[in-house]
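# Breakdown of the fold
In case you want the letters, here they are:
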Amino acid sequence: MPDHNEQTPLLRDGDAEEGADNREVLSFSKEDSENPRAWPKSKKFINVGIVASMSILSPLASSMFTPGISQIAEDLKTSSDTVIGATTGFTVMLGLGPLILAPLSETFGRRKLYIICFSLFALLQIPTALSPNVETLIAIRTLSGFVGSVGIANGGGTISDMFEPQERAGVFGWYLLGPLLGPTLGPLFGGFTVQRLGWRWIFWILTIVCGVNTLAGFFFLRETYAPVLLYSRKLQREREDGGAYSFEGEDRRPLTTKLAGSLTRPLKIFVQPIVLVMSAYQALVFATTYSLYTNMQAIYGGEYGFSTEQVGLLYLFPGLGFLTAVWFVVPRIDTVYNALTKRNNGRAKPEFRLPLANIGAVIVPLSLFAFAWTVEFHVHWLATLVSTFFYGIGQVVIFNTVQNYYIDSFEQYAASAIAAGAVFRSVAGGVVPLFAPSLFDRVGYGWGISVFAFVGVAIAPAPVIFYYFGARTRERFAVEL
């Protein structure tokens, strides 16, 4: 295994200088059966499957009711723009929630947060289904977005806990299908549900599915965060022999001090220049995706005369792009990473995750330009959807390379690093779609969607720049945690 020090120089632990003591230090060996990285693959993938389900259901819930926006507006006697606010509140909280839930998992462990938060998420679908007015709908959706973000907040950290860096990207690619595929499949399922059962049944179905997922987590999900597992081992040893033990990475500060440090950690990471810029890249993709998804009914229902169910089926095209990227491109992230590590005399760098991001940097703006002008000139609907397929590929490549870059740079605090990046993208994904309809009305779909493409062109050089100058930037702007 190469000499891989993922946590420097982006990360400096402010508590690393504590004086040594005479207590025996407990740690995991590579062969330790309690070490999550030494677990059998079956045990690891059960954990990944449960967490991935959580991270697909909450984004799915964010977009599942978009085909029924007009029906909801009519039923609750309000406007469609007001109903979109329920998506905005939910999506913004998907980004803000991880700021709290990710660092809490690095204090109390992953499993407790998953079970508590997703239980609440499942239960909150009941009052959502019973909402008597739009104010109640928006309020409950906003709260459910917060607790539902737990899978997005901690999934990357859970994968980092269980998998070595050289095998991580392929697994993470399948997990990341959740946050990406959820908003894509949501309108598909929502379209059929709204047309055949009514919009309230969307949330009854979510109650059932999320409840089943929570039960699976209760019985089969295992704790993976090493400091929490080692703390349990420490307590067991002290009970058995009365000795005094410490463990690798132990933080002996008072709980209130640890919590204060944990809750400020994502913000400290977020202002690091590399994280800030790459988060802006993800924000562009999210803002574009949600702006397009919330207007698909208007585009294909209004411009092409499709029914609600037919519009729902069209979301399969970017979804196929996601699957294509995960199957053929994402595994190459590890291939490139390992090859560059070998060429660098066995010394890995987080920047070795970035080369394939350039594929997405090219595909995203090109596919957006193509979609914008085929819709503007009313080209055959199939031609417009081909561009959404390629947009899906570019989206997955950018997200996977950037997320793996975060994990490699902040391994112990991977959940906080991903949370820091999630804030910008989710806020943008929630707020920008509010203004997209007026933009499209004013300048048309051609120039309106091209605005997103031009921003994509402007930010496209970021992966190349950080590949060559990222190490220098990390050295200069190391984060004190």
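A short tour of the structure in this document, coming up. Keep in mind that what you see is a predicted model, and the values were worked out from it rather than measured.

Rules used in this analysis
- Residues numbered from 1 in each chain as written.
- Predicted model: local features only at pLDDT ≥ 70, side-chain atom pairs only at ≥ 80, totals over all residues.
- Heavy atoms only, no water.
- Helix = DSSP H or I, 4+ residues; strand = E, 2+ residues; numbered from the N terminus.
- Expected span 1.5 Å × (residues − 1).
- Buried < 20%, exposed > 50% of the residue type's maximum accessible area, 1.4 Å probe, protein only.
- Polar contact = N/O pair within 3.5 Å; in protein donor to acceptor, adjacent residues only side chain to side chain.
- Phe/Tyr/Trp six-rings, centres within 6.5 Å; stacked < 30°, edge-to-face > 60°.
- Lys NZ or Arg CZ within 6 Å of the ring centre and 35° of its normal.
- Axes fitted to C-alpha atoms, helices over the stretch in contact; angles between N-to-C directions.
- Parallel < 35°, antiparallel > 145°, perpendicular 65-115°, else oblique.
- Contact = heavy atoms within 4.5 Å.
- Nonpolar A, V, L, I, M, F, W, Y, C, P; charged D, E, K, R; others polar.
- Left-handed = near helix turned anticlockwise from the far one by under 90°.

Between its terminal C-alpha atoms helix 11 (residues 273-293) stretches 30 Å, which fits the 30 Å expected from 21 residues at 1.5 Å a residue. In terms of residue burial, helix 11 counts as a mostly covered element, since 17 of its 21 residues are buried. One side-chain oxygen of the residue at the start of helix 11 lies 2.8 Å from the amide nitrogen of I274, identifying that residue as Q272.

Our next topic: the packing of aromatic side chains. Applying the stated rule across the entire model yields 22 aromatic pairs. The interplanar angle of 55° and the centroid separation of 5.7 Å between the aromatic rings of F45 and F163 together place this pair among those described as tilted. Taken together, the positions of F45 in helix 1 (residues 41-63) and F163 in the loop between helix 6 (150-162) and helix 7 (165-196) put the pair 118 residues apart, joining distant regions of the chain. Judged by centre distance (6.3 Å) and plane angle (65°), the ring pair of F65 and F203 falls under edge-to-face. On the criterion of sequence distance, the pair formed by F65 in the loop between helix 1 and helix 2 (69-75) and F203 in helix 8 (residues 200-220) is long-range, its members being 138 residues apart. Note on accessibility: F65 and F203 belong to one class, buried. Of note, R237 hangs over the ring of Y245, and the distance from its end group to the ring centre comes to 5.8 Å.

Okay, the packing of helix 7 against helix 14 (residues 316-329) next. Here helix 7 crosses helix 14 at 170°, and the two axes come no closer than 9 Å. The angle between the axes of helix 7 and helix 14 places the two elements in the roughly antiparallel class. Together, G173, W174, L177, L180, L181, T184, L185 and L188 of helix 7 and L316, P318, G319, F322, L323, V326 and W327 of helix 14 make up the contact between the two elements. In terms of residue class, the contact of helix 7 with helix 14 is built from twelve nonpolar, three polar and no charged.

All right, on to the side chain of S450 then. As for its placement among the helices and strands, S450 is situated in helix 18 (residues 414-459). Residue classification places S450 among the buried positions, given a relative accessible area of 1%. Residue contacts for S450: discarding those within four places in its chain leaves F369, A372, W373 and Y445.

A few words on the packing of helix 3 (residues 80-108) against helix 5 (residues 134-148). At a closest axis distance of 6 Å, the pairing of helix 3 and helix 5 adopts a crossing angle of 25°. The orientation of helix 3 relative to helix 5 falls into the category roughly parallel. The chirality of how helix 3 crosses helix 5 is right-handed. Between helix 3 and helix 5, the residues in contact are T82, V83, G85, A86, T87, G89, F90, M93, L94, G97, I100 and L101 and V134, L137, I138, R141, T142, S144, G145, F146, V147 and G148, respectively. The residue makeup of the contact of helix 3 with helix 5, split by class, is twelve nonpolar, nine polar and one charged.

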